[in-house]
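Now for the letters of each chain:
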Amino acid sequence: MAAADGRHGHPLTIGVDIGGTKVAAGVVTPGGRVLARLRTQTPDRSRNASVVEDTIVAVVSELRREYRVRAVGVGAAGFVDERRSRVLFAPHLSWREEPLRDALSVRLGLPVVVENDANASAWAEVRAGAARGVDDVVVVNLGTGIGGAVVLGGELRRGRYGIAGEFGHMTVVPGGHRCECGNRGCWEQYASGNALTREARELVAAGSPVAEALRQAVGGDPALITGPLVSELALKGDRACRELLEEAGGWLGVGLANLAAAFDPELFVIGGGVSEVGELLLGPARSAFARGLTGRGYRPEARVVAAALGNQAGLVGAADLAREALPRGRRRRRQPRLGRARW
C-alpha cells in the first residue's frame, strides 16, 4: 500500500468529479499527478440521492484498497454552500439541500471537502494548467450543462452563499428553451453538450438531407445521437456537425462577452467535454465574443483558450482542495492564493 508521494512524503488525497453523466475519481499527489483513476456512470437521476452517494463511496473505497489517503475532495455539479458542506441544488442530479460532506465523512472515516465542480477545475487550471500565473481568470466548462468559476486577484471567488460562477443559468434568450433549473433561455440551453445534442436530434428528425451522416450513424433513430457523436463527425469533416458546433460556439461567445462586461478578466479558459473539438468551437466563440464585447475597439480584449488539463481537472482540483483543508501538521504549508501557488 502506498502511504504518500515517495519523493516528498506529502499526503495523497482522492478527488471525485461528479457530473450529470459520470462519476470519476482519482488518487492525486501534491504535484497534481494522478496515480490511479476510476470512472463510472452517474446513477439514474430519478432515483434517491443516496444512490449517488453510494456510488461515490464505492469508487473511493476501491481506490483506498491500494493507496493510503488522508482526505477526499468532491467536485459536484450543482450549488454548494459557502461552508463547502451541502449541495443546495443540482439541476442534473436529485440533490436538494444534501448534507454531502458530513454523510461521506461518516461513511468513509476521512475528512471530506465538497466544492462546485467548476470551481475545482478552475483551481487546477490556475495552479497548473492553461491559466497558470494569471490572476484574473474566468473558467467556463462545457459539459452536460455549463459550469463556471471566477478567479480575481489570484483568489477563487465563491460568493457570499457559495454559488458564484453559475454562468450556465444566465438568461440569454428570454422565453427561450426550458432549462432543468426551472427557467427559460439559460445560456446552457444554447452552448452545452445538451444543446448540441438537442439541435442535432431535431435536424435528423426533420428529415434534413444535410444530416445524412448523422442519420446513418444512428440508424435513423435521433434518440441515439449524443454530443460526442456530433463532435466525432465534425472532426471527420461532416459539414452539418461543423455547423452545429459553429452555432454553439457563437452562443458561447455571446455569453463570454457578457462575462467580460461583468468581470473584465485577462483570460477565459474553456474546458469540458464539448471543448475537446478545439478551434471548431473556439474560433466561432472568439468571433462572437469580439462582436459582442462592450466598448469593442476601445478596450483590451481577453484571450480565449482551451483548458490544458482535460477531463482530469475536476478531480485534480478537488483532491488539492481536500489537501489544503487538512490540519497543518498533516499537509504542506497552506497556500491560499491560487495565483501564487506552485505545484
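Above this text you will find the structure in question.
Residues numbered from 1 in each chain as written. Predicted model: local features only at pLDDT ≥ 70, side-chain atom pairs only at ≥ 80, totals over all residues. Heavy atoms only, no water.

### With respect to the overall build of the protein
Scanning the protein from terminus to terminus reveals ten helices and 13 strands. A compact globule built from 343 residues would reach a C-alpha radius of gyration of about 20 Å, and the protein, at 20 Å, matches this within 12%. Taken along its principal axes, the extent of the C-alpha atoms in the protein is 60 × 50 × 35 Å. Burial statistics for the protein: of 343 residues in total, 55% are counted as buried. (Helix = DSSP H or I, 4+ residues; strand = E, 2+ residues; numbered from the N terminus. Rg over C-alpha atoms; globule rule 2.2 N^0.38 Å. Buried < 20%, exposed > 50% of the residue type's maximum accessible area, 1.4 Å probe, protein only.)

### Quick notes on the packing of helix 3 (residues 117–128) against helix 10 (residues 313–324)
The N-to-C vectors of helix 3 and helix 10 enclose an angle of 90°; their axes lie 7 Å apart at closest approach. When the axes of helix 3 and helix 10 are compared, the pair comes out roughly perpendicular. Contact residues: helix 3 offers Ala120, Ser121, Trp123, Ala124, Glu125 and Arg127, while helix 10 offers Ala313, Gly314, Val316, Gly317, Ala318, Asp320, Leu321 and Glu324. A breakdown of the residues in the contact of helix 3 with helix 10 according to their chemical character gives seven nonpolar, three polar and four charged. (Axes fitted to C-alpha atoms, helices over the stretch in contact; angles between N-to-C directions. Parallel < 35°, antiparallel > 145°, perpendicular 65-115°, else oblique. Contact = heavy atoms within 4.5 Å. Nonpolar A, V, L, I, M, F, W, Y, C, P; charged D, E, K, R; others polar.)

### Concerning the pattern of salt bridges
In the structure shown here, the tally under the stated rule is 20 salt bridges. For Lys236, the salt bridge identified is with Glu232, shortest N-O distance 3.1 Å. Assessed through its relative accessible area of 40%, Glu232 is described here as partly exposed. Its salt-bridge partner being Arg323, residue Asp320 comes within 3.1 Å of it at the nearest N-O pair. Residue Asp320 and its partner Arg323 are both found in helix 10; the two are separated by three residues, about one turn of the helix. Arg323 shares its class with Asp320; the two are buried. (Salt bridge = Lys/Arg side-chain N within 4 Å of Asp/Glu carboxyl O.)

### What to know about the packing of helix 1 (residues 49–64) against helix 2 (residues 100–108)
Where helix 1 meets helix 2, the axes come as close as 11 Å, and the angle between the chain directions of the two elements is 40°. Judged on the interaxial angle alone, helix 2 and helix 1 are oblique. Our pair here, helix 1 against helix 2, has a crossing hand that is right-handed. Contacts from Glu53, Asp54, Ile56, Val57, Val60, Ser61 and Arg64 of helix 1 reach helix 2 at Leu100, Ala103, Leu104, Arg107 and Leu108. Its residues assigned to classes, the contact of helix 1 with helix 2 comprises seven nonpolar, one polar and four charged. (Left-handed = near helix turned anticlockwise from the far one by under 90°.)

### Here we look at the packing of aromatic side chains
Under the counting rule described, the total for this entry stands at four aromatic pairs. With 6.1 Å between their ring centres and 55° between their planes, Phe167 and Phe263 make a pair best called tilted. Pair noted here: Phe167 is in the loop between strand 11 (155–156) and helix 4 (188–191) and Phe263 is in helix 8 (residues 239–263), with a separation of 96 residues, a long-range link. Judged by relative accessible area, which is 29%, Phe263 ranks as partly exposed. Directly above the ring of Tyr190 sits Arg198, whose terminal nitrogen or CZ lies 6.0 Å from the centroid. (Phe/Tyr/Trp six-rings, centres within 6.5 Å; stacked < 30°, edge-to-face > 60°. Lys NZ or Arg CZ within 6 Å of the ring centre and 35° of its normal.)

### Focus: the sheet that holds strand 11
Strand order in the open sheet formed by five strands is 11-10-9-12-13, and the pairing between neighbours is mixed. What marks the edges here is a single partner per strand, and that holds for strand 11 and strand 13 (303–306). Relative to strand 11, strand 10 (residues 146–152) runs antiparallel, the two being bridged by two bridges. Counted as the bridge partner of Leu152 is Glu155 from strand 11. Helix-sheet contacts for helix 3 involve strand 9 (137–142), strand 10, strand 11 and strand 12 (267–271), and the interaxial angle to strand 10 is about 50°. Across the sheet, helix 9 (residues 279–292) is in contact with strand 9, strand 12 and strand 13; its angle to strand 13 comes to roughly 165°. (Pairing = 2+ DSSP bridges.)

### Considerations on the environment of Leu293
Topologically, Leu293 is positioned in the loop between helix 9 and strand 13. You can call Leu293 buried: its relative accessible area is 2%. Each C-alpha atom, one on Leu293 and one on Ala90, is 31 Å from the other, the two residues being 203 residues apart in sequence. If we ignore the near neighbours within four places in the chain, the residues touching Leu293 are Ala257, Ala260, Arg299 and Glu301.

### Considering the sheet that holds strand 2 (residues 22–28)
Within the open sheet, the five strands sit side by side as 3-2-1-4-8. Their pairing is mixed. One side of each edge strand has no neighbouring strand; the edge strands of this open sheet are strand 3 (34–41) and strand 8 (112–116). Taken over all neighbouring pairs, the strand axes of this sheet differ in orientation by 15° on average, direction set aside. Of the pairings in the sheet, the one linking strand 1 (residues 12–18) to strand 4 (residues 69–76) comprises six bridges and is parallel in character. Bridged to Val16 within strand 4 is Val74. Against the sheet, helix 2 contacts strand 4 and strand 8, and its axis sits at roughly 145° relative to strand 8.

### Details of the pairing of strand 12
Of all five residues making up strand 12, five are buried, and the element is well covered by its neighbours. Summarising the sheet, strand 9 and strand 12 pair through five bridges and their orientation is parallel. Counterpart to Asn141 in the pairing with strand 12 is Gly271. Here strand 12 pairs with strand 13 via four bridges, running parallel. The residue bridging Leu267 from the neighbouring strand is Arg303, located in strand 13. Where the polypeptide runs from strand 12 across helix 9 and back to strand 13, its parallel neighbour, the crossover connection is right-handed. (Right-handed = clockwise from strand over helix to strand, strands pointing away.)

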